Amino acid sequence: MRVVAAIIVKDASVLICQRKAGQQYAGKWEFPGGKVEPGEELRVALRRELQEELAITATIGAEVTRYEFTYPGRAPMQIVFYKVDEFEGEPRNVIFNEIRWETVVNLRTYDFLDGDIDFVNDLAGGRIFV
């Protein structure tokens, strides 16, 4: 399985999203994005996900990083992060409990999905730049 995620940048902050009650991993924070459909190009998938989740039309920028992660009892997934600093519309919470603009240095204070923790630590620690 492949998953795409957006690092949406605005005014020195990034957009993070909290999963709703009733969803798998409810209450955890994540970056917007989702599963890539069979045969779908990665950037096309991310653009679609951002339209569905946040009602924005995004220009998908450079790939930031990619890695493989395996949740217990599940097949490995490849997670690919892209920078997004251009989009039309104002992000609107369509499917999440909450969306929030946050500075990179404060990301470690949130309870992120296990698959995002290493990335968050690298981003907040200055080892990855967006």
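First, a word on scope: everything that follows refers to the structure included in this document.

### Regarding the overall build of the protein chain
Each helix and strand in the protein chain was counted, giving two helices and nine strands. For the protein chain, the spread of C-alpha atoms along the principal axes amounts to about 40 × 35 × 30 Å. Put simply, the protein chain has 130 residues, and 42% of those count as buried. The contacts of the protein chain with a sequence gap of at least 6 include a subset with a gap of at least 24, amounting to 63%. Summing over all exposed atoms, the protein chain offers an accessible surface of approximately 6,700 Å²; the carbon and sulfur share of this is 48%. One way to put it: in the protein chain the 16 positive side-chain charges average out to a point 2 Å from where the 21 negative ones average out.

### Comments concerning the layout of surface pockets
A volume near 470 Å³ is recorded for the largest pocket. Along the wall of the largest pocket there are 25 residues; nearest its centre are Val3, Arg19, Glu30, Gly34 and Leu113. Those elements that place two or more of their residues in the lining of the largest pocket are strand E1 (2–10), strand E4 (33–35), strand E7 (77–84) and helix H2 (114–124). Taken together, the residues of the lining of the largest pocket sort by class into 14 nonpolar, five polar and six charged.

### Some words on the packing of aromatic side chains
Taken as a whole and judged by the stated rule, the model has eight aromatic pairs. Look at phenylalanine 69 and tyrosine 71: their rings are 4.8 Å apart centre to centre, the planes differ by 70°, and that puts the pair in the edge-to-face class. A connected cluster of aromatic rings, assembled from ring pairs, spans Phe31, Tyr67, Phe81, Phe112 and Phe119.

### Regarding the pattern of salt bridges
Under the defined criterion, the tally for this structure stands at ten salt bridges. The residue arginine 100 makes a salt bridge to glutamate 98 at a minimum N-O spacing of 2.5 Å. Between aspartate 122 and arginine 127 there is a salt bridge, with the nearest N and O atoms lying 3.0 Å from each other. Residue aspartate 122 is classed as partly exposed on the basis of its relative accessible area, which comes to 27%. For arginine 127, a relative accessible area of 53% gives the class exposed. Residues joined in a network through salt bridges with shared partners are Glu40, Arg48, Glu49 and Glu52.

### Topic: the nonpolar core
One finds Val14, Ile16, Phe31, Leu107 and Phe112 to be the most contacted residues of the largest nonpolar core, which totals 21 residues. Listing elements by their share of this core, those giving two or more residues are E1, strand E2 (13–18), E7 and H2. Take this core: its biggest share by element is four residues, from E1. Ranked by size, the runner-up nonpolar core spans 18 residues in total, among them Val4, Leu46, Leu50 and Phe96.

What counts, and where the lines are drawn
Residues numbered from 1 in each chain as written. Predicted model: local features only at pLDDT ≥ 70, side-chain atom pairs only at ≥ 80, totals over all residues. Heavy atoms only, no water. Helix = DSSP H or I, 4+ residues; strand = E, 2+ residues; numbered from the N terminus. Buried < 20%, exposed > 50% of the residue type's maximum accessible area, 1.4 Å probe, protein only. Contact = heavy atoms within 4.5 Å. Areas by Shrake-Rupley, 256 points an atom, 1.4 Å probe, with all protein chains shown as cover. Lys, Arg positive; Asp, Glu negative; His and termini not counted. Charge placed at Lys NZ, Arg CZ, Asp CG, Glu CD. 1 Å grid on protein atoms, 1.4 Å probe; cavity = no way out; pocket = protein on both sides within 12 Å on 5 of 7 lines; lining within 4 Å. Points joined across faces, edges and corners; volume = space filled by probe spheres on them. Nonpolar A, V, L, I, M, F, W, Y, C, P; charged D, E, K, R; others polar. Phe/Tyr/Trp six-rings, centres within 6.5 Å; stacked < 30°, edge-to-face > 60°. Salt bridge = Lys/Arg side-chain N within 4 Å of Asp/Glu carboxyl O. Core = buried A, V, L, I, M, F, W, Y, C linked by side-chain atoms within 4.5 Å.

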